[in-house]
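Structure at a glance
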Amino acid sequence: MQNNKFRNADTQWVTALAANSSGEIFELEGYAAVGMAGALFVPLKKHNMIPMPYGSELMFLPKRYPVLYNIDEDIIEIIEENPYDPGEPVFPVAAFNSPGYVNSYISAYKEIDPDNYLPLFSYGAVGWAEDQFYSAAIQVDKEPRQDLRYMSREKVVAGVEKMRKIMPSNRLRKHLEKCALEYGCPAGKNFFLARYEAPLPASRSCNASCLGCISLQQNNSIPCSQERIDFTPSDLEIAEIAVTHIRQVKNSVVSFGQGCEGDPLLAADVIEPAICKIRRSTISGTINMNTNGSRPDILEKLFDAGLDSIRISMNSVREACYNAYFRPKGYTFSDVMKSIETALDRKKFVSINYLNSPGFTDTFEESEAFIRFRKKLPVNMIQWRNLNFDPVKYWEKMNKAADHGHVLGMENILNKINKIFPDLIFGYFNPPKEKWNFKYEMD
């Protein structure tokens, strides 16, 4: 590939990683890891990265070649075989970083088969330095809400057994057991551990067809991460889960809209009476909804019932790019904007679940669009979330939807937005109402 003058004697390179056909990961001495953001390739040094967060996972990417930086030759190269064991194929390695961290670069690779899709994860750049793994990631939330060190299986199982005795016939409790024990869902685990936020999945259907939907895929080449809930819990079942959690947990949150369901606005006929029952039992706790915001008229009724906050999922604040990812069915981008406006008018706490991908989110065009959006609609919080979708396929689709130019870098974008909007909360998790005035400061 093209020669690049990247040398800087004052900074330490992060050694590249690769994997063999068995998935064994090893260092490639003489090569530095490379981060990718759209068409941009950046050789990575320690100052670009952080020690890989606890709970992160390493993955190798089949049907792809690693893109690495040859330090001696001062050039970025595509590596098709192990340079120290000719004939042995090698594959790129990526990090799936822990919750609370957003990727600053994607693991650099070249596709072998353009029709092959990666599974629904995010693929952060990773390397090796000073006897540990380093990730190209930025911490955006320091709360240990989904830290696996606080979620031992033994304690989760004990919580499951306790809840079986408290609510033996509750179908939603049984569903959450599968989420916690089979899928390893941190939200499900937190319910049984009586901490932070409890999930309240309720909707079997959705009016979007998101490219990265983890519970229902139209693309047969992309496996689903988990099964979608196949029943609609009653308002009594929902309220029992919610009230139990609220009474056990200080500063608790209960949330509709989970990865194992469709959009909760399509189950409003059961959610509205459930919220009323929760509020008749307790005024404590924060009732939140994670949603696509497609039905502002329904949201009005849920606010009347006692819904405290909403989190609207968006990959972009530009209509063409939003539509290219969410592929809405029966609603429009203007409906989403109307939902945000309605919630702000009602003095509700509004978060944007901002699905990020370096090489798109950190382009000049996307960042300027977000700045215009936030000036018009002063949402309270932005939750920086890694987009779990094949990054190269995603960039291709976004570039077809709109023009994109220079990549500014994720860290630069976060700092820029933080400076322009000092009141805007940065984070990753839905905050309880007791912390709505909390402002995360960028390091």
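Residue positions within a chain follow its written sequence, with the count starting from 1. Note on the predicted model: pLDDT of at least 70 is required for a residue's local features to be given, and 80 or more for side-chain atom pairs to be given and counted; whole-chain, interface and lining totals, by contrast, use all residues. Neither water nor hydrogens contribute to the side-chain values; these are computed over all heavy atoms in the structure.

Looking at an unreviewed UniProt entry, one finds the chain named Radical SAM domain-containing protein, with Desulfonema limicola as its source organism. UniProt positions are given in the numbering used here, feature names are shortened, and annotations may be inferred rather than shown by experiment. We quote the UniProt Cofactor (unreviewed entry) comment for the chain here in full: "[4Fe-4S] cluster".

1. Quick look at the nonpolar core
As used here, the term nonpolar core means buried Ala, Val, Leu, Ile, Met, Phe, Trp, Tyr and Cys residues forming a set that is joined through side-chain atoms within 4.5 Å. The rule is simple: take the accessible area with a 1.4 Å probe, protein chains only, and divide by the maximum for that residue type; under 20% is buried, over 50% is exposed, in between is partly exposed. Judged by nonpolar contacts, the single largest core of 111 residues is most densely connected at Ile340 and Trp384. If sequence neighbours within four positions are ignored, isoleucine 340 has contacts with Ile312, Met314, Val350, Ile352, Phe373, Leu377 and Val379. Ala33, Ala37, Tyr105 and Ala129 belong to the second largest nonpolar core, which has 12 residues in total. Residue contacts are counted whenever heavy atoms from the two residues lie within 4.5 Å of one another.

2. Quick look at the pattern of salt bridges
Just to be clear on terms, a salt bridge is a Lys or Arg side-chain nitrogen sitting within 4 Å of an Asp or Glu carboxyl oxygen. By the definition in use, this model includes 18 salt bridges. Between arginine 171 and glutamate 237 there is a salt bridge, with its nearest N and O atoms 2.9 Å apart. With arginine 171 in helix 2 (residues 171-181) and glutamate 237 in helix 4 (residues 235-248), this pair connects stretches of sequence that are 66 residues apart. As a salt-bridge pair, arginine 318 and glutamate 366 come within 2.9 Å of each other at their nearest N and O atoms. Within this pair, whereas arginine 318 is found in the loop between strand 19 (309-314) and helix 7 (319-326), its partner glutamate 366 is found in helix 9 (residues 364-376), the two being separated by 48 residues in sequence. Glutamate 366 sits in the buried class, given a relative accessible area of 0%. To qualify as a helix, a DSSP run of H or I must reach at least 4 residues; to qualify as a strand, a run of E must reach at least 2; elements of each kind are numbered from the N terminus.

3. Digging into the sheet that holds strand 16 (residues 197-199)
Sheet strands pair via backbone hydrogen bonds, and the direction of the pair is either parallel or antiparallel. With respect to topology, 7 strands assemble into an open sheet ordered 16-17-18-19-20-21-22, the strand pairing being parallel. The two strands at the open ends of the sheet, each matched to only one other strand, are strand 16 and strand 22 (425-427). Within this sheet the neighbouring strands show an average axis-to-axis angle of 25°, counted without direction. Sheet topology places strand 17 (residues 253-256) next to strand 18 (residues 286-291); 4 bridges connect them, and they run parallel. Its bridge partner being in strand 18, valine 254 is matched across the sheet by isoleucine 287. Pairs of strands are assigned from DSSP output, requiring at least two bridges between the strands. To obtain an axis, a line is fitted to C-alpha atoms, over the contacting stretch when the element is a helix, and the angle between two such axes runs from 0 to 180 degrees between their N-to-C directions.

4. Describing the packing of aromatic side chains
Both the distance between ring centres and the angle between the ring planes are used here to describe each pair of aromatic rings. Only the six-membered ring of Trp is used, alongside the rings of Phe and Tyr, when aromatic pairs are assigned; centres must lie within 6.5 Å, and planes under 30 degrees apart are stacked while those over 60 apart are edge-to-face, with the rest tilted. Taken as a whole and judged by the stated rule, the model has 17 aromatic pairs. With centroids separated by 6.1 Å and ring planes inclined at 80°, the aromatic side chains of tyrosine 325 and tyrosine 394 adopt a geometry described as edge-to-face. Within this pair, whereas tyrosine 325 is found in helix 7, its partner tyrosine 394 is found in helix 10 (residues 391-401), the two being separated by 69 residues in sequence. For tyrosine 325, a relative accessible area of 4% translates into the label buried. When the centroid spacing of 5.6 Å and the interplanar angle of 90° are considered together, the rings of phenylalanine 360 and tyrosine 394 count as edge-to-face. Here the residue phenylalanine 360 occupies a position in the loop between strand 20 (349-356) and helix 9, and tyrosine 394 occupies one in helix 10, the gap between them amounting to 34 residues. Taken together, the ring pairs in this structure connect Tyr322, Tyr325, Phe326, Phe333, Phe360 and Tyr394 into an aromatic cluster. By definition here, charges over rings are those cases where NZ of Lys or CZ of Arg is within 6 Å of the ring centre and within 35 degrees of the ring normal. For arginine 385, the ring lying beneath its charged end belongs to tyrosine 428, and the centroid distance is 4.0 Å. Lying across the ring of tyrosine 117, lysine 393 places its NZ or CZ 5.0 Å from the centre.

5. So, the side chain of asparagine 315
By secondary structure assignment, the location of asparagine 315 is in the loop between strand 19 and helix 7. Its relative accessible area of 0% is what places asparagine 315 among the buried residues. As used in this structure description, the phrase polar contact means that two N or O atoms lie within 3.5 Å; if the pair is within protein, one of them must be able to donate a hydrogen and the other to accept it, and residues adjacent in sequence are counted only when both atoms belong to side chains. Looking at asparagine 315, its side chain comes within polar contact range of the main-chain oxygen of cysteine 321, at 3.3 Å. Ignoring sequence-local partners within four residues, the contact set of asparagine 315 consists of Cys321, Tyr322, Tyr325, Phe326, Tyr354, Leu355, Phe360, Glu366, Tyr394 and Met398.

6. Here we look at unusual backbone geometry
A positive phi angle is found at aspartate 74, which is not glycine, with a value near 55°. Along the chain, aspartate 74 turns up in the loop between strand 7 (64-70) and strand 8 (75-78). Given a relative accessible area of 4%, aspartate 74 falls into the buried group. At lysine 347, a position not held by glycine, the phi torsion is positive, near 65°. Examined against the element boundaries, lysine 347 turns out to sit in the loop between helix 8 (333-345) and strand 20. A relative accessible area of 73% means that lysine 347 is categorised as exposed.

7. Some thoughts on the packing of helix 7 against helix 10
Contact pair helix 7 / helix 10: the axes reach a minimum separation of 9 Å and the direction vectors enclose 140°. Regarding the angle of helix 7 to helix 10, the classification is oblique. Here helix 7 and helix 10 pass one another in a crossing that is right-handed. Seen from helix 7, the contacting residues are Ala320, Cys321, Ala324 and Tyr325; seen from helix 10, they are Tyr394, Met398 and Ala401. For the contact of helix 7 with helix 10, the per-class residue count stands at 7 nonpolar, no polar and no charged. Our angle categories are set so that under 35 degrees counts as roughly parallel, over 145 as roughly antiparallel, 65 to 115 as roughly perpendicular, and the remainder as oblique. Crossing handedness: left-handed means the near helix sits turned counterclockwise from the far one by under a right angle, and right-handed means the same turn made clockwise. By the convention adopted, Pro, Cys, Tyr, Trp, Phe, Met, Ile, Leu, Val and Ala count as nonpolar, Lys, Arg, Asp and Glu as charged, and the other residues, Gly among them, as polar.

8. Quick look at helix 2
Residues of helix 2 that are buried: Leu172, Arg173, His175, Leu176, Glu177, Cys179 and Ala180. Buried residues along helix 2 sit in contact with helix 1 (153-166), helix 3 (186-193), strand 16 and helix 4. In this structure asparagine 170 caps helix 2, since a side-chain oxygen of it lies 2.8 Å from the backbone nitrogen of leucine 172.

9. Focus: helix 11 (residues 410-420)
For helix 11, the full list of buried residues reads Met410, Ile413, Leu414, Ile417 and Asn418. Down the axis, helix 11 shows its buried residues gathered within 125° of arc, on one side only. Tucked into the core, helix 11 has its buried residues touching strand 10 (101-103), strand 15 (137-139), strand 20, helix 9, strand 21 (381-386) and strand 22. To be clear, the arc concerns the directions from the helix axis to the C-beta atoms.

10. Side note on the sheet that holds strand 11 (residues 106-107)
As summarised here, the arrangement of the 3 strands in space is 4-3-11, forming an open sheet in which the pairing is antiparallel. What marks the edges here is a single partner per strand, and that holds for strand 4 (40-43) and strand 11. Relative to strand 4, strand 3 (residues 34-37) is paired through 4 bridges, and the arrangement is antiparallel. Bridge assignment links valine 34 to a residue of strand 4, and that residue is proline 43.

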